[in-house]
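Notes for the structure review
Okay, here's what each chain looks like letter by letter:
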Amino acid sequence: MFARKLAWRYIKEQKRHSVLTICSITAAVGLVVMLFTLLGTTLRCCYEIQYNSTPFHATVTAIIDNKEQREYINNFVEDFRENYGTADLYIEEAEDDISRIDIYCFFDKPLPISTGSRLDLFIADMLAKSGFDRNEIAVESDRDIARRIFIIKSNLSLYNPIDNVDRAQWIVIIAVAMVFVAFIIIALRMLIDTAFEISSKERERQFGVLQSIGATPKQITQIMTVEGLFLSVVGILLGIALGIAAAYLVFVLVIKSGVAEAFFTTELAEKALNFHIEPIMLVIAVVVGFLWVMLSAYGTGLRVIKKMPVEAISARSNTVKKIKNNTVFGKLFGWEGMLASRNNFRQKKRFTISVVSLTASITLFASATTAITAVKDVILKRGDNTSGILSEFRFNYYRPYDNSKLKQDIGYQKYGMFMYHEREDRIKKSGIFTEPMYMISTFLECADKSETVDENTYYKIVYFNFLNREMYEKIFEGKPPVSYDELSKNNSYIMYDNNGEYTGFSSDTFVFNALENVRIEEEYKDDIRSEYADKFIYDGINDYVFSEETEQSVNVAAYVDTQELSKYLHLSIGSEVTFIGTADSFESGEYMREPDLMMLSNSAPHDVYFYCDLLDADDYQLAADFYDKNKDAFIDYSDEFESMRRTVAFVSAVNIIATALNIIFALIAVINMINILSTGIINRRREIAAYQCIGMSEKQLNKMTILESLQYVFVSGIVSMILCEVIMVLTVVLMNIVAGGAENAVDYLFGNMFNAFVMPVLRVITALVPAFLAALLASFIPLRKLKKQPLVER
Amino acid sequence: MELLTIENLCKTYGKGENEVKALDGISFSVPKGQMLAIVGASGSGKSTLLHIIGAVDRPTSGKVYLDGQDVFKQNNSNLAIFRRRQVGLIYQFYNLIPVLNAEENMTLPMIMDGRKPDPAHVNKMLEDLGIASRRYHLPSQLSGGQQQRVSIGRALFNSPSVVLADEPTGNLDSKNSAEIVGLLRKSNKELNQTMIIITHDEKIALQCDRIITLSDGKIISDSNN
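Rules of the game
Residues numbered from 1 in each chain as written. Chains lettered and ligands numbered in written order. Predicted model: local features only at pLDDT ≥ 70, side-chain atom pairs only at ≥ 80, totals over all residues. Helix = DSSP H or I, 4+ residues; strand = E, 2+ residues; numbered from the N terminus. Buried ≥ 20, exposed ≤ 12 C-beta atoms within 10 Å, placed from the backbone. Contact = placed C-beta atoms within 7 Å. Nonpolar A, V, L, I, M, F, W, Y, C, P; charged D, E, K, R; others polar. Pairing = 2+ DSSP bridges. Axes fitted to C-alpha atoms, helices over the stretch in contact; angles between N-to-C directions. Expected span 1.5 Å × (residues − 1). Arc of directions from axis to C-beta. Parallel < 35°, antiparallel > 145°, perpendicular 65-115°, else oblique. Left-handed = near helix turned anticlockwise from the far one by under 90°. Core = buried A, V, L, I, M, F, W, Y, C linked by C-beta atoms within 7 Å. Domains from an automatic or database assignment. pLDDT = per-residue confidence, 0-100.

**Topic: the overall build of chain B**
What chain B contains, in helices and strands, is seven helices and ten strands. Relative to its 225 residues, chain B shows a buried fraction of 48%. Counted over contacts in chain B with a minimum sequence separation of 6, partners at least 24 positions apart contribute 69%.

**Observations regarding the overall build of chain A**
Assigned secondary structure in chain A consists of 30 helices and 14 strands. Out of the 794 residues belonging to chain A, those deemed buried represent 39%. Sequence separation of at least 24 residues holds for 81% of the intrachain contacts in chain A that already meet a minimum separation of 6.

**Remarks on the interface of chain A and chain B**
Listed per partner, the contact involves 22 residues of chain A and 26 residues of chain B. Here the side of chain A that touches chain B gets five residues from one element, more than from any other, and that element is helix 7 (residues 204-212) of chain A. Class assignment for the residues of the side of chain A that touches chain B results in twelve nonpolar, seven polar and three charged.

**Section: the sheet that holds strand 3 (residues 99-107) of chain A**
Residues and elements named next belong to chain A. Taking strand neighbours across the sheet as the criterion, the five strands line up as 2-3-1-5-4 in an open arrangement whose pairing is mixed. Either end of the sheet is taken by a strand with one partner, and the two such strands are strand 2 (85-93) and strand 4 (137-138). Pairing of strand 1 (residues 58-64) with strand 3 involves seven bridges; the strand directions are antiparallel. Bridge pairing in strand 3 places Ile-63 opposite Arg-100. Contacts from helix 3 (residues 67-83) reach strand 1, strand 2 and strand 3, with the element oriented near 160° to strand 2.

**Describing the sheet that holds strand 1 (residues 2-13) of chain B**
All names here are of chain B. Strand order in the open sheet made by the four strands is 2-1-4-5, with antiparallel pairing throughout. Only two strands of the sheet have a single partner each, and these edge strands are strand 2 (20-31) and strand 5 (69-70). Alignment of strand 1 against strand 4 (residues 61-66), held across five bridges, turns out to be antiparallel. Within the sheet, the bridge partner assigned to Glu-7 lies in strand 4 and is Lys-63.

**Structural notes on helix 3 of chain A**
All names here are of chain A. Between its terminal C-alpha atoms helix 3 stretches 24 Å, which fits the 24 Å expected from 17 residues at 1.5 Å a residue. Burial in helix 3 covers these residues: Gln-69, Tyr-72, Ile-73, Phe-76 and Phe-80. Down the axis of helix 3, the sector holding all buried residues measures 100°, keeping them to one side. Turned more than 90 degrees away from the buried face of helix 3 sit Lys-67, Glu-68, Glu-78, Arg-81 and Glu-82, all of them exposed. Contact partners of the buried residues in helix 3: strand 1, strand 2, strand 3 and helix 4 (119-130).

**Concerning the packing of helix 6 (residues 164-202) of chain A against helix 26 (residues 640-683) of chain A**
Axis angle and axis distance: for two packed helices, these are the angle between their axes and the distance between the axes, and together they describe the pair. Residues and elements named next belong to chain A. It is the contact of helix 6 with helix 26, at a shortest axis distance of 10 Å, that shows an interaxial angle of 10°. Comparing the axis directions of helix 6 and helix 26 gives the class roughly parallel. Judged by residue contacts, Leu-191, Thr-194, Ala-195, Ile-198 and Glu-202 of helix 6 engage Ile-668, Asn-672, Asn-675, Ile-676, Thr-679 and Asn-683 from helix 26.

**Some words on the pairing of strand 3 of chain A**
Pairing of strand 2 of chain A with strand 3 of chain A involves nine bridges; the strand directions are antiparallel. Directly across from Thr86(A), in strand 3 of chain A, lies its bridge partner Phe106(A).

**Thoughts on the pairing of strand 12 (residues 577-582) of chain A**
Residue and element names in this part refer to chain A. Here strand 12 lies mainly inside the structure; six of its six residues are buried. Residues of strand 12 alternate between two faces, with Val-577, Phe-579 and Gly-581 on one and Thr-578, Ile-580 and Thr-582 on the opposite face, all of them buried. Sheet topology note: the strand 9 (residues 493-496)/strand 12 ladder contains three bridges and is antiparallel. Residue Met-495 lies in a different strand from strand 12, and its bridge partner there is Phe-579.

**Notes on the environment of Asn158(B)**
Residue and element names in this part refer to chain B. For Asn-158, the location among the structural elements is in the loop between helix 5 (144-157) and strand 7 (162-166). Remark: the alpha-carbon pair of Asn-158 and Met-106, spanning 52 residues in sequence, is separated by 9.5 Å. The contact partners of Asn-158, leaving out residues within four places of it in the chain, are Arg-84, Arg-85, Gly-88, Pro-109 and Met-110.

**Description of unusual backbone geometry**
All names here are of chain B. One non-glycine residue, Tyr-94, lies in the positive phi region at around 65°. By secondary structure assignment, the location of Tyr-94 is in the loop between strand 6 (87-90) and helix 3 (102-112). The buried category is assigned to Tyr-94, around which 21 C-beta atoms lie within 10 Å. Backbone geometry at Glu-167 places phi at a positive 50°, although glycine is not the residue there.

**A look at the packing of helix 3 of chain A against helix 4 of chain A**
Residue and element names in this part refer to chain A. Where helix 3 meets helix 4, the axes come as close as 8 Å, and the angle between the chain directions of the two elements is 125°. Taken together, the axis directions place helix 3 and helix 4 in an arrangement best described as oblique. As helix 3 runs across helix 4, the sense of the crossing is right-handed. In this structure, helix 3 uses Tyr-72, Asn-75, Phe-76, Asp-79 and Phe-80 to contact helix 4, whose residues at the interface are Met-126, Leu-127 and Ser-130. For the contact of helix 3 with helix 4, the class distribution of residues is five nonpolar, two polar and one charged.

**Considerations on the nonpolar core**
In a soluble, globular protein the nonpolar side chains are often hidden away together inside. Among the nonpolar cores identified, the biggest contains 181 residues, and Ala28(A), Val32(A), Met673(A), Leu164(B) and Ile196(B) are the most heavily contacted of them. Broken down by element, the residue count for this core peaks at 18 residues, all from helix 2 (residues 15-53) of chain A. Mapping this core onto the domain boundaries places at least three of its residues in each of domain 1 (1-53 + 169-320) and domain 3 (324-388 + 641-794) of chain A.

**Some words on the confidence of the model for chain A**
All names here are of chain A. Counting all residues, the mean pLDDT for chain A is 77, and 77% of those residues have values of 70 or more. In the predicted structure, residues 537-544 sits below a pLDDT of 50 and forms six contacts with residues beyond four places in sequence or in another chain. Ignoring residues within four places in sequence, the model shows residues 592-598, a span with pLDDT below 50, making eight contacts including any to other chains.

**Details of the environment of Ser61(B)**
Residue and element names in this part refer to chain B. Checked against the element boundaries, Ser-61 lands in strand 4. The class of Ser-61 is exposed, set by 12 C-beta atoms lying within 10 Å. Along the primary structure Ser-61 and Cys-10 are separated by 51 residues, whereas in three dimensions their C-alpha atoms are 5.1 Å apart.

**What to know about the confidence of the model for chain B**
Detailed conclusions should not be drawn from predicted coordinates in areas where pLDDT is low. With 100% of its residues at a pLDDT of 70 or more, chain B shows a mean pLDDT of 89. This prediction of the complex comes with two scores: 0.67 for pTM and 0.81 for ipTM.

**With respect to the environment of Ile53(B)**
Residue and element names in this part refer to chain B. On the secondary structure map, Ile-53 appears in helix 1 (residues 46-53). Spatially, the C-alpha atoms of Ile-53 and Ile-6 are 8.3 Å apart, while their sequence positions differ by 47 residues. Setting aside chain neighbours within four positions, we find Ile-53 in contact with Leu-4, Val-64, Leu-164 and Ile-196.

What follows is the structure, encoded as structure tokens:
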């Protein structure tokens, strides 16, 4: 009764403390609720996505050939529907009374544990009970093509655990999430603890008085716990509201960031991507929050009663503390620095708690933003064509080996070449793409006559890539070794090889024996094989190819370092020697004018690759439709835009979640700091008055206060920088292990090693500025109020 | 009949070089109804002695008996009950609970004891102390003299075996000082209340039955007035 009354009075009278403590509880519970709600929503969305695409836990596929077996199926379905859930049947009748039956089984309750651990075995037993021979049923582990019935588990069961295997996986997922949440929850305990610690510290003297007039230790702890109870009710309710609101905001932002459109159809997104509050998780968050508040309150009560009343009243301790005479701040900023240092360090625990929370917040901000920026940069780099991707879309046109088909092409009939301009025009006329760049590509097998090559590399593939002007300029980044016009005029090539074997090649011609490939029809295979046995270069899969050697030479205008072009992987992958020519040269017939090459070019396949970007990113669907309508013109298309869009959407989503977490962490750190610093000032009002009484000027007082704030930020900054560097070292080591070579991996992600270690430091410094401002505000607002009171009153 | 007996009381702070002996083998007894003044220079150990008698601090060695009971043989909970029922403490700086009004502050030890204060007793006490009109005021709304009256009321309300006052007038003007001492003396006489008062004020000391003088944690004189 007395404890309740006093606790209630403290809450009402010490409004600032109550508000700050409620803020701490709200922030802590809010963060847990937000994380749990996001986790619940994610799992629910996963389930809904799975359910909407495969609304069943398992499929039973049976091939049956008599009525008896049909009866067994009916037995099974009846039994299943009666006891376990819904079963949908799809029957496909074939000839000779053979039918294929697919049964989609959806369990509306988990499997009874006693029936065994696995869903497929459980269904197999049910089928056996229905009349089938158990040996005819193949389950997941023993898929046997010869069996009659297959049971295949769907992924739905992962999000809606049915059997013990699913449950185990589920437990692993939850456990991993819980480990992460546990870390945060433990950190939050510190926040709530600090709030109570500060509140009790300020009242330590009063608790001492209460004890001195007869309050028992139990009554003192009761005051704290009752106070905790009152505050937790408000704090937890606000925390739930804040957590749900924050989670909802994050959810809406994530959905609006383009994730939904990038990964799912509008219909599926509408059905499956919904905000979900998991009641059990909410209960856990509330229980954990309540438990933490009560533990903190009780723990604080225990700390209070540890002291003898006289120690609490006189703020005197029986232990003698050593004071550092020389502090860094003292040396740097004179006596005000020394005083600031001592003021901060005399409340070591508070200082540590404040620094730890600020450090956690800054480190999280610096390392998360560094990682996200690095990943974003990598994606942008891809968009910037530095990792082998020239454009968002690539449409392919392919001229097959079979010349009969080619000859039907009017272009071929008219000009003796295939009509890629007609394809180019289609892209241009669509109006949704940028001006296409293109490349005509073909290859010849050759016996290399270069003297620099040993026997093992005798046989090579020689690629000929004819680039249009735009593409030529693009891949050489505007600095080609030979100008486009000069290359066209001289009917020459720029040579590079992917294996780096021609380093130092300086000849202006490249001589090789081209292997003329002739496809042989199956029926003539044996005859030709016996006749031209020595001309079958390859056996095995190339058995049908018969090659004849013809000596060829090409003009080499320049040799380029492989490294320079290797970023355009599609140009070099698989190539051994590549010659880059111009589309003009190809079109003028220079390439084909050479009689032997002309013959070869007629027999070799040609690919044309058109590269283009979307003019407007919103026209993505039009691009897909364009391909669908032009399937006659293009063999296929590769869609880098889609994967980039997905990655960008995914990174944005991660960014939003990381930012939300960051904001809450920063909020927690700021609440902590405001609590600690403002309380520190208010508690020392008498002391500050004493300083002023003995002649401390306002300027000196301000300087001391600024230095106190600076020290928090300074220490947190140093610790954060060290932590960030440790995280970076661990990242590099991890990447070294994963990528097998840290240097390249680090370069890929961060640009270079220097960046990797400087970026987080710069971010820490960026975070320190608002932290310092918050610290100043937390100190100066109460200080200003204090200054308004006359010295004597204080 | 001795109400309070102190035997060889020692209290030291710190260790080694930093060791400070606040009390060094103090022994004396106080009979029931006596008003005792403890005087001495600053740092002589007066307050430490008072705090140990009031069981708000523990001695390094030695014993304190109140009504024949060894005070420090009790655990912390029983010590709190002991303080609540047997001791009334008055501080120089009043030490009132800022969130409770004058009446609540005064009746707090009884409320903590789970008992309901008798309204008539409360009224009489407030009247005697001259703060009836301020009963619902918070400490911050009271003057120093009024706060000390509340503090005295709190110390006397439970009729404790002994009232301990640590410089009760140290923070007050002479008029208020005289009134406070008058109140203490009155309760000593009328209720036969045993009192130990720490003071620097010779006038107050001379109004007491007995004066003990401390120096460097030792009794250097013990005389009856």
